[in-house]
Amino acid sequence: MASDAALLTRLRTAARAVDARTPADRDRAVDGLRALALLAVPTGHWLVGGFTRDADGALHNASPLGALPLLAPASWALQLLGLFFLVGGASSVHSHRRALARGQSTALWLRARLVRLGRPVLGVTAVWAVLIPVLALSGVPRATLRTSAVLVVQPLWFVAVYAGVTALTPLCVRAAARMGGWAAAPLLATVAVVDFLRYGPLAAAVPAWTGLVNLLPGWLFAYQLGVSWGTGRLSRRSGALLLGGGAALFAVLLLVFHYPASMVGVPGEARTNSHPPSLLVLALAAVQCGAAVLLRDRLAALLRRPALWAPVVAVNLCAMTVLCWHQTAMLAVAVPSSPLGTVGGLTSAPDGPAWLVARLAWLPVFALSLAAVARLTRHFDAPWRTAPRVRGTVAALAAGFAVYAVAVV
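This is a predicted model, so every value here is computed, not measured. (Residues numbered from 1 in each chain as written. Predicted model: local features only at pLDDT ≥ 70, side-chain atom pairs only at ≥ 80, totals over all residues. Heavy atoms only, no water.)

A. Structural view of the packing of helix H9 (residues 185–199) against helix H10 (residues 215–230). Two elements in contact, H9 and H10, have axes separated by 9 Å at closest approach and are oriented at 155°. Between H9 and H10, the angle falls in the class roughly antiparallel. The interaxial crossing formed by H9 with H10 has left-handed handedness. Each of Leu187, Leu188, Thr190 and Val191 in H9 lies in contact with H10, whose residues at this interface are Pro217, Gly218, Leu220, Phe221 and Gln224. Classifying every residue of the contact of H9 with H10 by side-chain character gives 6 nonpolar, 3 polar and no charged. (Axes fitted to C-alpha atoms, helices over the stretch in contact; angles between N-to-C directions. Helix = DSSP H or I, 4+ residues; strand = E, 2+ residues; numbered from the N terminus. Parallel < 35°, antiparallel > 145°, perpendicular 65-115°, else oblique. Left-handed = near helix turned anticlockwise from the far one by under 90°. Contact = heavy atoms within 4.5 Å. Nonpolar A, V, L, I, M, F, W, Y, C, P; charged D, E, K, R; others polar.)

Structure below.
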């Protein structure tokens, strides 16, 4: 009991120290929303990233969504990319303003942002470029290596998209200055038109690649709202409009136009909402953004408590590590267990409620694995103080993994 009390005292002291070091003008609500959106990424991937194990012990990707359609509403709560892009836009505005105030050019600011995003991606892909041949030589089946590559690449597309919309920040700022929150409306309209072409009466005559047009406006929508928010052009009234209008559009798309209920792809389904983003994704993003705007002051007040603020700071400090390495953490548990036979909730087929209950029990194990992986890989987030030759080697390894991933994925 005495040791528990001492540990609790140390934790409280550490939390107060973190709180004391936080600048008074820090937007705690934005950081809290970012942490929430970030933690939803591994949680969602770990829940839908099931495996099947064949007779040779090889692991294959399998989703529980086909057998458990009732999980679709869970994807509405766990797919928080709209929220992530919202706070990304808001934080980019603040960061850009600080850079300009220091006399830094927009080009240098953007370069620093992109380098910060790129370092962890190079790190994880370089490490896997080494792991793939090592695992192959140790007897890991080729199918398991392919499955691993798919899962490692899965979250990295988000980094590429986020880098792309970040590069458009100056244009988004100008659009927000002219139109406020309405600057996101043309993006919504573009996605609506493309969806009409893809799924409307002319769908048979529309090329399959037409949906790719939605990639930029689909993911830029919430980012533009965030930029408007960060520049003070998104009011509580706008938040209410986003929340109510987004919820109404979401319901109409589901009930009248029969969009797929799941926000992620379901095996066997011809249509998917997220790749590329459909209008349903933007409707959900509008709901999330509206709720964030309306709850901002309450959340900021709540995060004035050191015990709640300290975990938010910790999550934000390792954001890219969590994003880039959480699938590796799951694989670090699943791949070594595959020679042992089928393990419920881990390498058993995701075919019913029993699997879901077992998988929920595995989530803390995956979290502990991620914590261990993060201790080894977090230096990839920090500026690299290594020789150019070392950086060149890392880049070459990352390129090698990219070639392998393109070949097998």
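Continuing now.
B. Spatial organisation of the layout of surface pockets. A volume near 1,600 Å³ is recorded for the largest pocket. Lining the largest pocket are 48 residues, with Arg26, Arg34, Arg116, Asn316 and Leu317 sitting closest to its centre. Listed by contribution, the elements that provide at least two residues to the lining of the largest pocket are helix H1 (2–21), helix H2 (28–48), helix H4 (81–101), helix H5 (106–137), helix H7 (156–167), helix H13 (306–317), helix H14 (319–337) and helix H15 (353–377). Its residues assigned to classes, the lining of the largest pocket comprises 26 nonpolar, 8 polar and 14 charged. Reported here for the second largest pocket is a volume of approximately 920 Å³. What lines the second largest pocket is a set of 36 residues, and nearest its centre among them are His45, Val48, Gln154, Val264 and His275. Elements that contribute at least two residues to the lining of the second largest pocket include exactly H2, strand S2 (59–62), helix H3 (72–78), H4, helix H6 (142–153) and H7. The biggest single contributor to the lining of the second largest pocket is H2, with 7 residues. Tallied by class, residues from the lining of the second largest pocket come to 24 nonpolar, 12 polar and no charged. (1 Å grid on protein atoms, 1.4 Å probe; cavity = no way out; pocket = protein on both sides within 12 Å on 5 of 7 lines; lining within 4 Å. Points joined across faces, edges and corners; volume = space filled by probe spheres on them.)

C. Structural context of the pairing of strand S1 (residues 50–53). Pairing of S1 with S2 involves 4 bridges; the strand directions are antiparallel. Across the sheet, Gly50 pairs through a bridge with Ala62, a residue of S2. Linking S1 to S2, which pair antiparallel, is a turn of 5 residues; within it Gly57 sits at a positive phi near 85°. (Pairing = 2+ DSSP bridges.)

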